[in-house]
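Remarks on the overall topology
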Amino acid sequence: QVHLVESGGGLVQPGGSLRVSCAATGGTLRDYSMAWFRQPQGKERDFVAVISGTGQRTSYADSVKGRFTISRDNAANMVYLQMSALKAEDTAVYFCAAGPRYRGITPYRGDYTFWGQGTQVTVSS
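Residues numbered from 1 in each chain as written. Predicted model: local features only at pLDDT ≥ 70, side-chain atom pairs only at ≥ 80, totals over all residues. Heavy atoms only, no water.

With that settled, the discussion passes to the overall build of the protein. Scanning the protein from terminus to terminus reveals zero helices and 11 strands. N-terminal to C-terminal, the α/β element order of the protein is β-β-β-β-β-β-β-β-β-β-β. Rg of the C-alpha trace for the protein: 13 Å, near the compact-globule value of 14 Å for 125 residues, within the 12% margin. In terms of overall dimensions, the protein has a C-alpha envelope of 40 × 25 × 25 Å along the principal axes. Taken across its 125 residues, the protein has 46% of its residues classed as buried. Restricting the contact set of the protein to residue pairs at least 6 apart, pairs at least 24 apart contribute 60%. In the form shown here, the protein has an accessible surface area of approximately 6,300 Å², with 45% of it arising from carbon and sulfur atoms. (Helix = DSSP H or I, 4+ residues; strand = E, 2+ residues; numbered from the N terminus. Rg over C-alpha atoms; globule rule 2.2 N^0.38 Å. Buried < 20%, exposed > 50% of the residue type's maximum accessible area, 1.4 Å probe, protein only. Contact = heavy atoms within 4.5 Å. Areas by Shrake-Rupley, 256 points an atom, 1.4 Å probe, with all protein chains shown as cover.)

Written as structure tokens, this is what we have:
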């Protein structure tokens, strides 16, 4: 059983940067692909980025490509999402998710077993 806790959300101005973090306990992090999803108020939860168990492979949603960077530190059991050039449409609750490595780096919610409680990111002037 993996327990995930997100942190680092907050209010940021358009064009600004923010890093959200995900702390994992209860498992060996390298055994999991780790992803970030986001859910704007009243909308579906959508894929943002994913990183493989070793950190060698990543994939991003087209809407964040070139602006967001996912990374991980398996020794510290941490996953990060560095966000830059933020836009109002990036406003959402951001969720960390863990899925078994054999599924690869997948953008599908159903492939992830464990989820955090989410952290709110608001982009507004």
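From this point, the narrative continues.
This next bit is on the nonpolar core. One broad rule of soluble globular proteins: the nonpolar side chains tend to lie buried together. Grouped together as the largest cluster of nonpolar side chains are 36 residues, with contacts concentrated most on Leu4, Met34, Trp36, Leu81, Met83 and Tyr94. Of all elements in the fold, only strand E3 (18-25), strand E4 (32-39), strand E5 (46-51), strand E7 (68-73), strand E8 (78-83), strand E9 (92-100) and strand E11 (119-123) reach the threshold of two or more residues within this core. Look past the residues within four positions of methionine 34 in its chain and what remains in contact with it is Leu4, Cys22, Leu29, Ala49, Val50, Ile51, Ile70, Arg72, Val79, Cys96, Ala97 and Ala98. (Core = buried A, V, L, I, M, F, W, Y, C linked by side-chain atoms within 4.5 Å.)

In this structure the tally under the stated criterion is five aromatic pairs. Plain terms: the ring middles of phenylalanine 37 and tyrosine 112 are 5.5 Å apart, the flat faces sit at 75 degrees to each other, and that makes the pair edge-to-face. Taken as a pair, phenylalanine 37 in strand E4 and tyrosine 112 in the loop between E9 and strand E10 (114-115) lie far apart in primary sequence, 75 residues in all. Tyrosine 112 sits in the buried class, given a relative accessible area of 6%. Members of the aromatic cluster, connected to one another through ring pairs, are Phe37, Phe47, Tyr112 and Trp115. Taking the ring centre of phenylalanine 95 as reference, the NZ or CZ of arginine 45 above it sits at 3.5 Å. The ring of tryptophan 115 is capped by arginine 45, whose NZ or CZ atom sits 5.1 Å from the centre of that ring. (Phe/Tyr/Trp six-rings, centres within 6.5 Å; stacked < 30°, edge-to-face > 60°. Lys NZ or Arg CZ within 6 Å of the ring centre and 35° of its normal.)

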